[in-house]
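What follows is the residue order along each chain.
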Amino acid sequence: MKIAVTYDNGQVFQHFGHTEQFKIYEVQDGKVVSAQVVDTNGSGHGALAGFLAAHGVEALICGGIGGGARNALAQAGIQLFPGASGDADAQVEALLGGSLNYNPDTVCAHHHDHGEGHDCGSHGEGHHCGGHGHSCG
């Protein structure tokens, strides 16, 4: 199986839609057998799900992620582990060992209080930051 991590200088990058690199780990028998860092070449948000799917990725570890990207990953059949941070290699080892510290409810890397139904980075329904009279501050 293949696991991808939003990657920046060895760490889990905290904003999925703006990540410039993924580190993709090839896993066999519960162990990492190889890993490579791949550039997204400017793909962002929803396009990244297709990028990962094209690389055969089955799971993604990331920091913050918007609702639109979550939906795109779900449609691509990629399992999501958001809200992770720290050393990328260590997070993959933790996932394989069943001890990954992540938050399945992480939707936004900005941590502003929006209230119900407001979603940072979503391109779907609902309200956008800065639109419809809702500010991101």
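Conventions adopted
Residues numbered from 1 in each chain as written. Predicted model: local features only at pLDDT ≥ 70, side-chain atom pairs only at ≥ 80, totals over all residues. Heavy atoms only, no water. Buried < 20%, exposed > 50% of the residue type's maximum accessible area, 1.4 Å probe, protein only. Helix = DSSP H or I, 4+ residues; strand = E, 2+ residues; numbered from the N terminus. Arc of directions from axis to C-beta. Contact = heavy atoms within 4.5 Å. Polar contact = N/O pair within 3.5 Å; in protein donor to acceptor, adjacent residues only side chain to side chain. Phe/Tyr/Trp six-rings, centres within 6.5 Å; stacked < 30°, edge-to-face > 60°.

Q: An account of helix 3 (residues 88-97) is requested, with residue identities and associated values reported.
A: Among all positions in helix 3, only A88, Q91, V92, A94 and L95 are buried. The arc enclosing the buried residues of helix 3, seen along the axis, measures out at 160°, which places them on a common side. Turning to helix 3, the residues buried within the fold contact strand 1 (2-8), strand 2 (11-12), strand 3 (21-28), strand 4 (31-39), strand 5 (59-61) and strand 6 (79-81). N-capping of helix 3 is provided by D87, with a side-chain oxygen placed 3.3 Å from the backbone N of D89.

Q: If you had to explain the packing of aromatic side chains to someone new, which residues and values would you point to?
A: Within this structure, the stated rule accounts for three aromatic pairs. For the ring pair F81 and Y102, a centre distance of 5.0 Å and an interplane angle of 80° mean the geometry is edge-to-face. Here Y102 lies in the segment after helix 3 and F81 lies in strand 6, a separation of 21 residues in the sequence. Overall, the relative accessible area of 9% leaves F81 in the buried class. We classify Y102 as partly exposed; its relative accessible area is 32%. What links up through ring pairs into an aromatic cluster is the set F16, F22 and F51.

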